[in-house]
Structures are given as C-alpha cells and as structure tokens.
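In case you want the letters, here they are:
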Amino acid sequence: MGKKISLKKNFQWMFIANLLYAFLQWLMLIIMAKFGSEELVGYYTLALAITTPIMLFFSFQLRGIQATDAKDDYQFRDYYSLRWIGVLLALLVCITVSYLSDYSAEARIIILLIAISKLIEGISDVIYGLLQRHEAMNKMAISIIARGGVSLLLFVIFYVVYHNFYFAITGFVLGWLLVLLFYDFRNAMHYIQKPLLTFDFRKLWKLFLLALPLGAIMMMGALSTNIPRYFIENYLSIEQLGIFGAITYILVGASRFTTAISQTVSPRLAKYYASGNKPAFIKLLAAVLFINGSLGIAGVVVAVFFGKPILTLVYTESYAEYSDLLIWVMLISLFSFLGSVLGVGATSMRIFSSQVPIHVTKLIVTVICSVWLIKDYGLNGAAWTLATASFVSVIFYSILIQKGLKNIRQVEVEV
C-alpha cells in the first residue's frame, strides 16, 4: 500500500490538484462564453442546476462517511455497491425530470450529458473516499488533475472537429470516463480485494439508513445553491442565467480550494474526535477556519478593486457590466467557505441527522428570499439570497459544533 504521506504533503497535493482542476474547468466555461453564447452558458448552468441536487442526494455523501469511518464499520464493497445503486437511480430521475419538463431539445441534450458525467464522477468519488480513508491524497490529486486536463482537451478537440458544443460536451464526458477506467480503478485495486460488489442487502440497507440524512443534506445544500437559478430562468431569461452562471462559477472554482483543505483534514479530525482528543480537534478545525476565512476576505477585496477588468478579460465587456454582482459572489464565498469547514467538522464528529434541520432552514430562507428579491432586484437579488442563506448556515453549524465539543467523549454515531 505504500507509506502514508504527511498531512502537509496531502494538503499540498490537494491544493495544487484543485487549483488546476478549477482553472481547467473554468477555461471550458470561458470557451463557451467567448465562442458560444449567453444562451449556451445558460443551458449548461440549467443542466447543472437540475442534475446536481438529484445526483448529490443519491450519492448519500458516502465519500465523507467512508473517509471518517475510523472504526472500519463497513468495507469498500459496501460503499461501492450502494453508490452504483444510487447513481443509476439518479440518472433515471434526471432523465425523467428532463423529459417531463417543457425544456427545449437543446436543453434536454445537455441535461442528459451532464447527468452521465455526474454518474461517472460519482463512481470516481467513492474511490476518492477510499484513497482519502488511507490518506493517499497524492493519488486522488493526480486523478483530479487528469480529469480536468483530459476532459478539457477532448472538449476542445471535439469542438474543433465538429464545430458543435454538444459534441464538445460529449468529449468532456468521455474524458472523465477514460480517467475512471484507466486510473481510478487501478488505484482502488491497491487497497481492496475482489469482489468489488456485495449482495449483502441487509448490510447495504443499514448503510443506506446511516447515509440517508447526509444524502438529504447534500441535496438540500445543492438546492439552496440552485433554487435562485430556477427563479432566474423563470423570472428573467436563459441569457441572464448564463451570465449568473458564468460569474458564480468563480465561486465554484474558489470552493475547490476550501474543499481541498477539508478533504485533507477530515480523516485526521475524525481520529481526534474518536479518540477524545479535544484540544487537537479544536486546534486543527480553527486553523482550517482561519485559512478559509482569509481566502474569502481576499476574494472580496479583489472583487472590489479589480472586478470590472477581470470580467472583461475573462469573458466579454457585456459581463463587466455585472461587476457589482461579482462583489456579492465573493461575499457569498466567504460565508460558504466557513460553513463548508464547519460541515466537515460535524461530519467528522459523526453527527449526521442533526445537520438536517440546518439545511431545511437554509432551504426555506433561500426560497423566501428568491421569491422576494429576484423578481425585483434581478441577479443582485439572487446573490443577496445566496449570501443570506450561507450566513444562516454558518450560525447554525457553529452552534452544532459547540454542542458536539461538549459531548466529545460520547463517540457513538448519531443516526
């Protein structure tokens, strides 16, 4: 299996990988914006908004549960089998939603392609959980870089050959599949023994019941992010959705940094908590909060002083008219970064079901603000909605973490 590398090295690997991946995926969006249209970016954003909550629900956050399974309650084949069941159900739901809607044929094609890409990502993700469990972040990082690079390369090649963005997105999906087949599976074989699948449905059912609250949490978190997009498409236009999607992708890209940090420290946090090492748990969680908070504040400062030239350079002059929106997006990122770390802390404590009320509250706040703000204030109203919901999440997660710290020696899993 090889020697485990240090927490510092793991972070360096994941930071570099997520930096490159976010940049490469952003390049794909930039190509769409510069050579396509705001409508195309809008369809792409809509496809992500529809497929992401569905796929996240059926993923059941198995990666997080697996990475923090300090007591080895389940084997990889249990997580892997349940993930396959979940992603196939999710794909079926995505196809059903697409064809029951009144979306155009172009939108349905993109929704289907993105749903397939999410299925592939789901299988890679459960393998990442295995690598994360063994703190082999270097292998996970190489996979992330390869996914970003190969998918962008094939996206560009397919576009150059066919001059069609639908074929280009097909190339992007193919890139993810190639990395899964020829790299991720090979990595998994170093840590497990065959068979990969299990038919112990009693154990799978038990794992499903454990993971279901986190699946609901992930879905509600995604809905909280994407509900404003549904309202933009309904109240405004698909072109406005494209602009909002392009600018807020900066938030998505930035979140890759904080995700890298969280993924790196979550197994260590789980071990500290499981062993009752409260000082070490607090110290590590506080350090990650400080790093993420600093990144969020830096983003706000950059947006205030350089927002307009950045949008002009990256996209087009028409996007630069929305420099105020970029400032609000960076403020959202600050709250999201902090909330993400606190969520990882709660999961490391094996606190699952108590996270559900937080996300229900966040979802309700998002819906109310979307109805109230987006129709009258447009894209800025959508940004205010996300900022408010993210702030609410930070407050409630802070309370949950404090509660968990008081019971740190009671390490039974809450279900």
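The following refers to the structure shown.

Rules behind the numbers
- In this numbering scheme, every chain counts its residues from 1 along its sequence in written order.
- With the structure being a predicted model, the display of local features is reserved for residues of pLDDT at least 70 and the display and counting of side-chain atom pairs for 80 or more, all residues being used for whole-chain, interface and lining totals.
- Computation of side-chain values covers all heavy atoms of the structure but excludes hydrogens and water.
- Salt bridge criterion: a side-chain nitrogen from Lys or Arg within 4 Å of a carboxyl oxygen from Asp or Glu.
- A run of DSSP states H or I qualifies as a helix once it reaches four residues; a run of E qualifies as a strand once it reaches two. Both are numbered from the N-terminal end.
- Relative accessibility thresholds used throughout: buried, under 20% of the residue-type maximum; exposed, over 50%; partly exposed, between the two (1.4 Å probe, protein chains only).
- Note that patches include only residues with greater than 30% relative accessible area and no salt bridge, and the join distances are 9 Å for like charges and 5 Å for nonpolar side chains (Val, Leu, Ile, Met, Phe, Trp, Tyr).
- Areas reported as accessible are Shrake-Rupley estimates using a 1.4 Å probe. Residue values count occlusion only from the protein chains shown.

1. Considerations on the pattern of salt bridges
For step 1, the next point in the chain: One pass over the full model with this rule turns up five salt bridges.
For step 2, the next point in the chain: With a closest N to O distance of 3.3 Å, Lys 203 and Asp 78 form a salt bridge. Here Asp 78 lies in helix H4 (residues 76-100) and Lys 203 lies in helix H8 (residues 201-235), a separation of 125 residues in the sequence.
For step 3, the next point in the chain: Of the residues examined, Lys 203 reaches a relative accessible area of 25% and is grouped as partly exposed.
For step 4, the next point in the chain: The shortest N-O distance in the salt bridge between Arg 83 and Asp 125 comes to 3.2 Å. Linking Arg 83 in helix H4 with Asp 125 in helix H5 (residues 105-133), this pair joins segments that are 42 residues apart in sequence.
For step 5, the next point in the chain: Taking the relative accessible area as the measure of exposure, Arg 83 reaches 1% and is therefore buried.
For step 6, the next point in the chain: Several salt bridges share partner residues, and in doing so they unite Arg 63, Arg 83 and Asp 125 into one network.

2. Focus: a nonpolar patch on the surface
For step 1, the next point in the chain: The grouping of Ile 297, Val 301, Val 302, Val 304, Phe 305 and Phe 306 at the surface amounts to a nonpolar patch, some 590 Å² of accessible area in total.
For step 2, the next point in the chain: When you line up the elements, Phe 306 lands in helix H10 (residues 278-314).
For step 3, the next point in the chain: Given a relative accessible area of 49%, Phe 306 falls into the partly exposed group.

Purely spatial values, then, with no claim about function.
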